[in-house]
Amino acid sequence: MKKILIQSATIADPASPEKGKVKDILIEDGIIARLGEKIRAAGAEKIDATGCYVSPGWVDLHTNIGDPGLETKEDFLTAAAAAAAGGFTGLTLMPNTNPPLHSKSEIDYVKSRTRELSVEVYPVGCISYRREGEDIAEMYDMHLSGAVAFSDGDRPVMDTGLMMRAQQYANGFGGLIISYAEDRGLAGNATVNEGVVSTMLGMKGIPALAEEIMVARDISLASYNDSRLHFTSVSTAGSVELIRNAKKKGLKITADVSAHHLLLDDSYLESFDSNYKVKPPLRSKADTKALLAGLKDGTIDAVCSQHTPHESEYKELEFEAAAYGISTLETAYPVLNMAIGKSLSVLRIVEKLAINPRKILGLNVPVIRKGEPANLTIFDPAREWVLERAEMKSKGKNSPFIGQRLKGKVLATIL
Amino acid sequence: MSKQLSTRNLLGIKDLTEGDIQLIFETADNFKEVINRPIKKVPSLRDVTVANVFFENSTRTRLSFELAQKRLSADVINFSASSSSVSKGETLVDTVKNILAMKVDMIVMRHPYPGAGVFLSRHIQANIINAGDGAHEHPTQALLDAFSIREKMGDVSGKKVVIVGDILHSRVALSNILCLRKLGAEVMVCGPTTLMPRYIGELGVRVEHNLRKALEWCDIANMLRIQLERQDIKYFPSLREYTMMYGLNRALLDSLGKTITIMHPGPINRGVEITSDVADSEHSIILEQVENGVAIRMAAMYLLAQKD
């Protein structure tokens, strides 16, 4: 029998009867066997969690892995290792693969290849066949195979009619549509936020409006269709306001934000460092503030990593030639922790990382109590550390945080 | 040489102090005198090898740099490639490192991507001069423009300069704004609303969309070339309509009731942004700009070569 003993951890689980108390947790063969004080367990692997918190394992709502087709960016094994290092026991896999996850066979492939991993992988199926934005993909078949939601990944659905039909069709079997909101016509070939910074850099800008006009469109469609709709990695103050108002009206809208959009703004681009090149682009300080306010008042339900690993060949280039994205699974928590400071309690953070992501995807939420399967993340918000390139588990070393002192560290995940 | 630049690369006006700009001007004064001598050559950069690395077409900027290098007795090599062939194969860093491996001391680079020079400076030791990076900066152009204003008007400070044309796609506009502001000039930008960056006003410039009003305000008008090749989509319906709204012609100039100085970074689209009778008029300093370009580039390279 495999035994793990977590010692002196503060229980950070809003649903647990032991919430807020310092406890030992004994796990036997993946089940929480005991929850108490000063538990003795001979032969158990011990984790000293003094001063740390234990919460239900975190679920990332937005992960890019290169399997199938782009395994040199990330494969399932390296993704699982990076996820564990970053505190995630579940990853929502975006269909930005080659081929895209647009039919049952790709969903089945992901499910079968990830069954034995130390992380659960929830594939998102494409909205459109081949992710081309034209015809609806076989969403129901993918749903039966285990697709948790539908999205065209980093390609916004530009055809309003297609988004309309996708929402209506998904309603027929309770499917969830994830919207990545960007109007391509307004974004043009710009790569950074439109603002003073883009002007000083001599770059065209992507106006906040490019996102907000699509958020407004998709809220209108969801209202018309009475659909559930989730927005991933929103980035502007206007989007937060639109979503806040939609929620007030009682629409079934949810949203997440990436941790890095909470901490970083477009002033970081002045170095032309392509590690800051992300989509949606880093916005202004005012947007960052509005995103934090939205996170606090519940407009934004969850925080995602938006993990986007790349080979150095795709990133160590002139800014405009470089690919979008940051390898973030291992830093999402400290980045979030540093962005919020003391403005959110540990329990609220757990809601954003563990509880709400599962509610959005319709997954069972594990509770820390005797008899439940152990699905846990142990973390310390106060611990400071430096991210070293050589210690990153992800294949993607594209991170602006390498060499930087971060605050907040994950000690372990248990699944 | 006692005075030195505060920087070892000339990547943008952004990085220069006012003192740097004045030092470049003073040095250029000397070199301008040199290039008007019967023997135009000085040994200042003997044994210095400069590579002109151009990833984008350019005739006159490269010619001006090359002439400046030859007047300084530098050894010169030229490399040009279209950025498309580079993006397919060799990276920018590889290309430049290969050139540097042949013992080159200084790189003059033009590149279609903003910040390419800044990026390159993190990877190589040689001095870099940015000869234009996308719509970001073109520092030697801004310096020669300000130098030409100083020569014509005695001083740059307090002068009113309007930059007319495609501000969105122009590196000349951004570098000029930064340079003129550092030297105490007042700057206005004027052009079609679709070619005006939304936040340009926050750089401390006035924004005007009516050419007549802009000309009535200014002492100097810098007429930018309309660069259709830089526009991926249509920002205005036709050149004809652009000329109707923003073309400078003699009748307009004469109706102002005052004299203004006319500049243009070249090459001129005669009859588009400026008519021939304006370009060739007594108020135009377009050819002086070209001459000063050589002196300014000599000064910039000479001063950078003093920095290790």
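Rules of the game
Along every chain, residues carry numbers that run from 1 in the direction the sequence is written. Lettering of chains starts at A and numbering of ligands starts at 1, both following the order in which they are written. Residue-level local features of this predicted model are given only where pLDDT is at least 70; pairs of side-chain atoms are given and counted only at 80 or more, and the full residue set underlies all totals for whole chains, interfaces and linings. With hydrogens and water set aside, each side-chain value is computed from the structure's full complement of heavy atoms. In plain words, nonpolar cores are sets of buried Ala, Val, Leu, Ile, Met, Phe, Trp, Tyr and Cys residues tied together by side-chain atoms within 4.5 Å. Accessibility here uses a 1.4 Å probe with only protein chains present; expressed as a share of the type maximum, an area under 20% marks a residue as buried, one over 50% as exposed, and anything in between as partly exposed. Note on contacts: a residue pair is in contact if any heavy atoms of the two residues lie within 4.5 Å. For two strands to count as paired, DSSP must find a minimum of two bridges between them. Numbering of helices and strands starts at the N terminus; helices are DSSP runs of H or I of at least 4 residues and strands are runs of E of at least 2. Arc definition: directions from the helix axis to the C-beta atoms. Computed with a 1.4 Å rolling probe, the buried area is the accessible surface lost when two parts are put together, summed over both parts. Criterion for a salt bridge: a side-chain nitrogen of Lys or Arg within 4 Å of a carboxyl oxygen of Asp or Glu. Residues adjacent in sequence count toward polar contacts only when both atoms are side-chain atoms; beyond that, a polar contact is any pair of N or O atoms within 3.5 Å, and within protein one must be able to donate a hydrogen and the other to accept it. Just so you know the grouping, Ala, Val, Leu, Ile, Met, Phe, Trp, Tyr, Cys and Pro go in nonpolar, Asp, Glu, Lys and Arg go in charged, and all remaining residues, Gly too, go in polar. Bear in mind that the domain bounds are from an automatic or database domain assignment. All tallies of charge rest on Lys and Arg as positive and Asp and Glu as negative; His and the ends of each chain are not included. Only the stretch in contact is used when fitting a helix axis, every axis being a line fitted to C-alpha atoms; angles between N-to-C directions are given from 0 to 180 degrees. Should an angle fall under 35 degrees it is called roughly parallel, over 145 degrees roughly antiparallel, and 65 to 115 degrees roughly perpendicular, with every other angle called oblique. Handedness of each helix crossing follows the sense of rotation of the near helix against the far helix: counterclockwise by less than a right angle gives left-handed, clockwise gives right-handed.

Caption draft 1: A look at the nonpolar core. The biggest cluster of nonpolar side chains holds 105 residues, and the ones touching the most others in it are Ile177(A), Phe231(A), Leu262(A), Leu295(A), Leu336(A) and Ile107(B). Dropping the residues within four chain positions of it, Ile107(B) is found in contact with Ala51(B), Val53(B), Val96(B), Ile99(B), Leu100(B), Ile124(B), Ala126(B), Asn127(B), Ile128(B) and Ile129(B). Core analysis: the second largest hydrophobic core is formed by 64 residues, Val156(B), Cys179(B), Leu180(B) and Met301(B) among them.

Caption draft 2: Quick peek at the pairing of strand β3 (residues 31–36) of chain A. Residues and elements named next belong to chain A. Examined bridge by bridge, strand β2 (residues 22–28) and β3 share five bridges and lie antiparallel to one another. Each bridged residue has a counterpart across the sheet, and for Glu28 the counterpart in β3 is Ile31. Counting the residues that bridge the hairpin from β2 to β3 gives two residues, and of these Asp29 lies at a positive phi of roughly 50 degrees.

Caption draft 3: Layout of helix α2 (residues 104–113) of chain A. All names here are of chain A. Taken together, the buried positions of α2 are Glu106, Ile107 and Val110. Taken end-on, α2 shows its buried residues confined to a sector of 100 degrees, consistent with a single buried face. Considering only its buried residues, α2 is in contact with α1 (76–86), β7 (88–93), β8 (120–125) and α3 (139–145).

Caption draft 4: Examining the interface of chain B and chain A more closely. Taken together, the contact between chain B and chain A spans 25 residues of the former and 18 residues of the latter. Buried area between chain B and chain A, both sides added, is near 1800 Å², and the carbon and sulfur share of it is 66%. Summed over the three residues of chain B that lose the most area to chain A, namely Tyr113(B), Pro114(B) and Tyr199(B), the buried surface amounts to 28% of that side. For the pair chain B and chain A, the number of links is zero salt bridges. Inspection of the chain B/chain A interface yields six residue pairs in polar contact (both at pLDDT 80 or more). Residue assignment for the side of chain B that touches chain A shows that the elements contributing at least two residues are α5 (116–121) and α7 (171–182) of chain B. Residues that form the side of chain B that touches chain A fall into these classes: 15 nonpolar, five polar and five charged.

Caption draft 5: Broad picture of the domain arrangement of chain B. All names here are of chain B. Parsing chain B into structural domains produces domain 1 (13–138 + 292–305) and domain 2 (139–289). Inter-centroid distance (C-alpha atoms) of domain 1 to domain 2 is 25 Å. Listed per partner, the contact involves 30 residues of domain 1 and 28 residues of domain 2. Here domain 1 meets domain 2 over a buried area of about 2500 Å², counting both sides, of which 61% is carbon and sulfur. Here domain 1 and domain 2 share three salt bridges between them. Of the charged contacts, one joins Arg150 and Asp29 as a salt bridge, the two residues approaching to 2.8 Å between their closest N and O atoms. Summed over the shared surface of domain 1 and domain 2, the number is 18 residue pairs in polar contact (both at pLDDT 80 or more).

Caption draft 6: Structural detail: the side chain of Asp266(A). Residue and element names in this part refer to chain A. Summarising the element assignment, Asp266 is placed in the loop between α9 (259–263) and α10 (285–297). Within the buried core, Asp266 has no salt-bridge partner, and the shortest N-O distance to an opposite charge, that of Lys285, equals 6.1 Å. Excluding anything up to four places from it in sequence, Asp266 contacts Asn193, Val197, Leu282, Arg283 and Ser284.

Caption draft 7: Expanded view of the domain arrangement of chain A. All names here are of chain A. Looking at chain A, the domain boundaries give domain 1 (4–53 + 371–414) and domain 2 (57–361). Placing the centre of domain 1 and that of domain 2 at their C-alpha centroids yields a distance of 26 Å. Between domain 1 and domain 2, the residue contacts involve 34 residues of the former and 42 residues of the latter. Three residues, Lys395, Asn398 and Phe401, lead the burial of domain 1 against domain 2; their summed loss comes to 24% of the area buried on that side. One can count one salt bridge joining domain 1 with domain 2. Note that Asp75 and Lys395 form a salt bridge whose closest N and O atoms lie 3.0 Å from each other. Where the side of domain 1 that touches domain 2 is concerned, the elements lending two or more residues are β16 (376–386) and β17 (405–414). Residue contributions to the side of domain 1 that touches domain 2 peak at eight residues, all from β17. Tallied by class, residues from the side of domain 1 that touches domain 2 come to 14 nonpolar, nine polar and eleven charged.

Caption draft 8: Spatial organisation of the packing of helix α1 (residues 18–35) of chain B against helix α12 (residues 286–305) of chain B. Residues and elements named next belong to chain B. Two elements in contact, α1 and α12, have axes whose closest approach is 8 Å; the angle formed by their N-to-C orientations is 120 degrees. It follows from the interaxial angle that α1 and α12 lie oblique. When the axes of α1 and α12 are compared, the crossing they make is right-handed. Judged by residue contacts, Leu23, Ile24, Phe25, Thr27, Ala28, Phe31, Lys32 and Ile35 of α1 engage Glu291, Asn292, Val294, Ala295, Ile296, Met298, Ala299, Tyr302 and Leu303 from α12. Considering only residue class, the contact of α1 with α12 consists of 13 nonpolar, two polar and two charged.

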